[in-house]
Amino acid sequence: MANNKYRFFIFLYMNEQSYPEFTGLELSPRKVDYLKFILEKGGTVRTTEISSGLQVDPSTTSKTLNELANAGYLNHVPYRGVDLTELGKAYTQFLIRRHRILSLLLTHYGLSSEEACDEVSRFEAFVSRDAVDKICSSMGHPMFGVCGEISHGKCLHEETHHRLPE
Ligand SMILES: [Zn+2]
Ligand SMILES: [Zn+2]
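What counts and how
- Residues numbered from 1 in each chain as written.
- Chains lettered and ligands numbered in written order.
- Predicted model: local features only at pLDDT ≥ 70, side-chain atom pairs only at ≥ 80, totals over all residues.
- Helix = DSSP H or I, 4+ residues; strand = E, 2+ residues; numbered from the N terminus.
- Buried ≥ 20, exposed ≤ 12 C-beta atoms within 10 Å, placed from the backbone.
- Contact = placed C-beta atoms within 7 Å.
- Pairing = 2+ DSSP bridges.
- Expected span 1.5 Å × (residues − 1).
- Arc of directions from axis to C-beta.
- Core = buried A, V, L, I, M, F, W, Y, C linked by C-beta atoms within 7 Å.
- Domains from an automatic or database assignment.

Considerations on the overall build of the protein chain
Thinking step 1. Helix and strand counts for the protein chain stand at eight helices and four strands.
Thinking step 2. Ordering the α and β elements of the protein chain from the N terminus gives α-α-α-α-β-β-α-α-α-β-β-α.
Thinking step 3. For the protein chain, with 166 residues in total, the buried portion stands at 25%.
Thinking step 4. Pairs at least 24 residues apart make up 58% of the contacts formed inside the protein chain by residues separated by at least 6 positions.

Things to note about the pairing of strand β2 (residues 81-84)
Two faces make up the sheet, and in a regular strand the side chains alternate between them.
Thinking step 1. Of the strand pairs in this sheet, strand β1 (residues 74-77) and β2 are connected by four bridges, and their pairing is antiparallel. Looking across to β2, one finds that Asn75 is bridged to Asp83.
Thinking step 2. As consecutive antiparallel partners, β1 and β2 are separated by three residues, and within that stretch Tyr79 has a phi angle of approximately 65 degrees, a positive value.

Considerations on the environment of Glu26
Thinking step 1. Here Glu26 lies in the loop between α1 (4-12) and α2 (29-41).
Thinking step 2. Glu26 gets classed as partly exposed once you count the C-beta atoms within 10 Å, which come to 13.
Thinking step 3. For the pair Glu26 and Tyr91, spaced 65 residues apart in sequence, the C-alpha to C-alpha distance is 9.9 Å.

A few points about α2
Thinking step 1. Across its 13 residues, α2 extends 19 Å between first and last C-alpha, which sits within 8% of the 18 Å expected from 1.5 Å per residue.
Thinking step 2. Along α2, the residues that are buried comprise Val32, Tyr34, Leu35 and Ile38. Seen from one end, α2 has its buried residues packed into an arc of 160 degrees, which puts them on one side. α2 presents Pro29, Arg30 and Glu40 as exposed residues on the side facing more than 90 degrees away from its buried surface.

Regarding the nonpolar core
Thinking step 1. Core analysis: the largest hydrophobic core is formed by 16 residues, its most contacted members being Leu35, Ile38, Tyr73, Leu74 and Leu95.
Thinking step 2. Of all the secondary structure elements, the ones that give two or more residues to this core are α2, α4 (58-70), β2 and α5 (86-107).
Thinking step 3. Here this core gathers at least three residues from each of two domains, domain 1 (24-84) and domain 2 (94-163).
Thinking step 4. Once residues within four sequence positions are removed from consideration, Tyr73 is found in contact with Leu35, Leu68, Leu84, Thr85, Leu87, Gly88 and Tyr91.
Thinking step 5. Counting nine residues, the second largest nonpolar core, distinct from the first, contains Leu104, Cys117, Val120 and Cys155.

This is the structure in structure tokens:
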């Protein structure tokens, strides 16, 4: 069992790199939208806010939120709604990075920022984390996408690690 100091360190650095095992293909496009919406709202989000924000009926929303909670991405907060678990936060960081890398890529091939974001929103859930990491590396780990800052996961971490002398 890790001591408290070590656990605190893990807590501080909890991000996409802390979960090396996910492929990025775990969630359907709909579930991707739920997690992104909850991250954008921040903190504990009410079920009613989610169902009106995503224009999904309340019973479907509750069912999907239960599935996401059972899979470990969300916590139910009694009487208040849901919030992201540490896994949920790390996973959603990846979802945002994937969206931003892919939309930036499309703007290099003739699409406007808005067109790129719309287009990517329709297929991003089917692009693996491995592919995103490779595209990110080949683009030189850009810091800004067309719709916000780009964080880097193991793509940059592993490259830096390999480059550093022992
Ligand atoms: Zn976008
Ligand atoms: Zn990167």
